Amino acid sequence: MFDLTLLDKLIDHTPSPEYTNANTLVEPYIKKIVSELGIDFYDTFSDLYQKKFDAETDHYFTAGLRLGAQIMADLLLQPPPKIPYP
């Protein structure tokens, strides 16, 4: 049996520059929230915001999947194109 964990070595886990830049921009705000409102407030806010984000991404994925299925159904229900004979 093949050990799938061996494939993990092939994946680059280095964060993208965009991710690193976003973290750099957000970090001062996180520090201010924690210093003024406390770590418990930030943890609760972060958890709730993550749940909201998950719900939004699930919704957008489902909406896109339905749209793609509708487009495919519409295309499949069209009559085939007429090919002129020479």
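Look up: the structure comes first, before these words.
Here is what the cut-offs are and how they apply
Residues numbered from 1 in each chain as written. Predicted model: local features only at pLDDT ≥ 70, side-chain atom pairs only at ≥ 80, totals over all residues. Heavy atoms only, no water. Helix = DSSP H or I, 4+ residues; strand = E, 2+ residues; numbered from the N terminus. Rg over C-alpha atoms; globule rule 2.2 N^0.38 Å. Areas by Shrake-Rupley, 256 points an atom, 1.4 Å probe, with all protein chains shown as cover. Salt bridge = Lys/Arg side-chain N within 4 Å of Asp/Glu carboxyl O. Buried < 20%, exposed > 50% of the residue type's maximum accessible area, 1.4 Å probe, protein only. 1 Å grid on protein atoms, 1.4 Å probe; cavity = no way out; pocket = protein on both sides within 12 Å on 5 of 7 lines; lining within 4 Å. Points joined across faces, edges and corners; volume = space filled by probe spheres on them. Nonpolar A, V, L, I, M, F, W, Y, C, P; charged D, E, K, R; others polar. Axes fitted to C-alpha atoms, helices over the stretch in contact; angles between N-to-C directions. Parallel < 35°, antiparallel > 145°, perpendicular 65-115°, else oblique. Contact = heavy atoms within 4.5 Å.

Caption draft 1: Quick peek at the overall build of the chain. Along the backbone of the chain there are 2 helices and 0 strands. Whereas a compact globule of 86 residues would reach a radius of gyration of roughly 12 Å, the chain reaches 24 Å, over 25% beyond that. Seen along its three principal axes, the alpha-carbon backbone of the chain occupies a region of about 80 × 40 × 30 Å. For the chain, the accessible surface area stands at approximately 8500 Å², while carbon and sulfur atoms represent 66% of it.

Caption draft 2: Region of the structure containing the pattern of salt bridges. Counted under the stated rule, the structure contains 3 salt bridges. Across the salt bridge formed by E36 and K32, the nearest N and O atoms sit 3.8 Å from each other. Of this pair, E36 and K32 both sit in helix α1 (residues 17-37), separated by 4 residues, roughly a single helical turn. The partner of K52 in a salt bridge is E56, with the nearest N and O atoms 2.8 Å apart. Note that K52 and E56 are positioned in helix α2 (residues 39-77) at a spacing of 4 residues, about one turn of the helix. For K52, a relative accessible area of 42% translates into the label partly exposed. Judged by its relative accessible area of 30%, E56 falls in the partly exposed class.

Caption draft 3: The layout of surface pockets, seen in detail. Here the largest pocket is characterised by a volume of approximately 210 Å³. V26, Y29, I30, I33, Y42, F45, S46, Y49, Q50 and F53 together form the lining of the largest pocket. For the lining of the largest pocket, the elements supplying multiple residues, two or more each, are α1 and α2. In terms of residue count, α2 provides more of the lining of the largest pocket than any other element does, 6 residues in total. Residues that form the lining of the largest pocket fall into these classes: 8 nonpolar, 2 polar and no charged.

Caption draft 4: Fine view of the packing of α1 against α2. At a minimum axis distance of 7 Å, the contact between α1 and α2 shows a crossing angle of 125°. In this view, α1 runs oblique relative to α2, as classed from their interaxial angle. Contacts between α1 and α2 involve I30, I33, V34 and L37 from the former and I39, F41 and Y42 from the latter. For the contact of α1 with α2, the per-class residue count stands at 7 nonpolar, no polar and no charged.

Caption draft 5: Broad picture of the environment of Q50. If you trace the backbone, Q50 turns up in helix α2. Between the C-alpha atoms of Q50 and I39, which are 11 residues apart in sequence, the distance is 16 Å.

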